[in-house]
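Architecture and fold: a report
As a plain string of letters, each chain reads:
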Amino acid sequence: MKHLCEFMSEGCAALAALLWFASASIRLKKKPSIRNSLDSGLDDPKALLIMIYKQSRWSAWAAIAAGFAALFAIADGLLPGTN
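Residues numbered from 1 in each chain as written. Predicted model: local features only at pLDDT ≥ 70, side-chain atom pairs only at ≥ 80, totals over all residues. Heavy atoms only, no water.

**Digging into the side chain of S9**
Mapped onto the secondary structure, S9 falls in helix α1 (residues 2-28). The exposure class assigned to S9 is buried, which follows from its relative accessible area of 13%. Each residue touching S9, except ones within four places of it in the same chain, is listed here: A69, F72 and A73. (Helix = DSSP H or I, 4+ residues; strand = E, 2+ residues; numbered from the N terminus. Buried < 20%, exposed > 50% of the residue type's maximum accessible area, 1.4 Å probe, protein only. Contact = heavy atoms within 4.5 Å.)

Take a look at the structure:
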């Protein structure tokens with residue numbers, strides 16, 4: 001059981017890292033029109049809101065995965081060690 005908790009903790013932590021990377025890649029892959037409007041100060045509100053929504057959705061899933069990683073790590077620490 002201790003090995004399963006350790007495996008799940010590490011797996012959830014890796015999943016959280018991948019999801020946060022996906023969140024960051026949305027910002028990097030934004031359309032040229034959004035990028036140009038951000039640089040010039042003229043905003044396209046709809047495009048910006050869509051980009052923020054997509055990024056926050058991935059960040060929320062990453063936070064959930066990180067929470068599961070923490071819970072499994074706590075469970076792993078509370079279980080008696082194997083000899």
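Picking up where we left off.
**A short note on the environment of K54**
Along the chain, the position of K54 falls in helix α3 (residues 45-78). Accessibility expressed as a relative area gives 38% for K54, which makes it partly exposed.

**Regarding the environment of A24**
Positionally, A24 belongs in helix α1. For A24, a relative accessible area of 26% gives the class partly exposed. On a C-alpha basis, the gap between A24 and Q55 in space is 7.2 Å, while along the polypeptide they are 31 residues apart.

**Some points on the pattern of salt bridges**
Opposite charge on two side chains permits them to pair, given that their charged atoms come into close proximity. Scanning all chains against the criterion turns up one salt bridge. The partner of D76 in a salt bridge is K2, and the shortest N-O contact between them spans 3.2 Å. With D76 in helix α3 and K2 in helix α1, the pair connects residues that are 74 residues apart, well separated along the chain. (Salt bridge = Lys/Arg side-chain N within 4 Å of Asp/Glu carboxyl O.)

**Description of the environment of L4**
Checked against the element boundaries, L4 lands in helix α1. According to the relative accessible area criterion, L4 is partly exposed, its value standing at 46%. Along the backbone, L4 and F72 are 68 residues apart, and their C-alpha atoms lie at a distance of 8.9 Å.

All we've got here are geometric facts, nothing functional implied.
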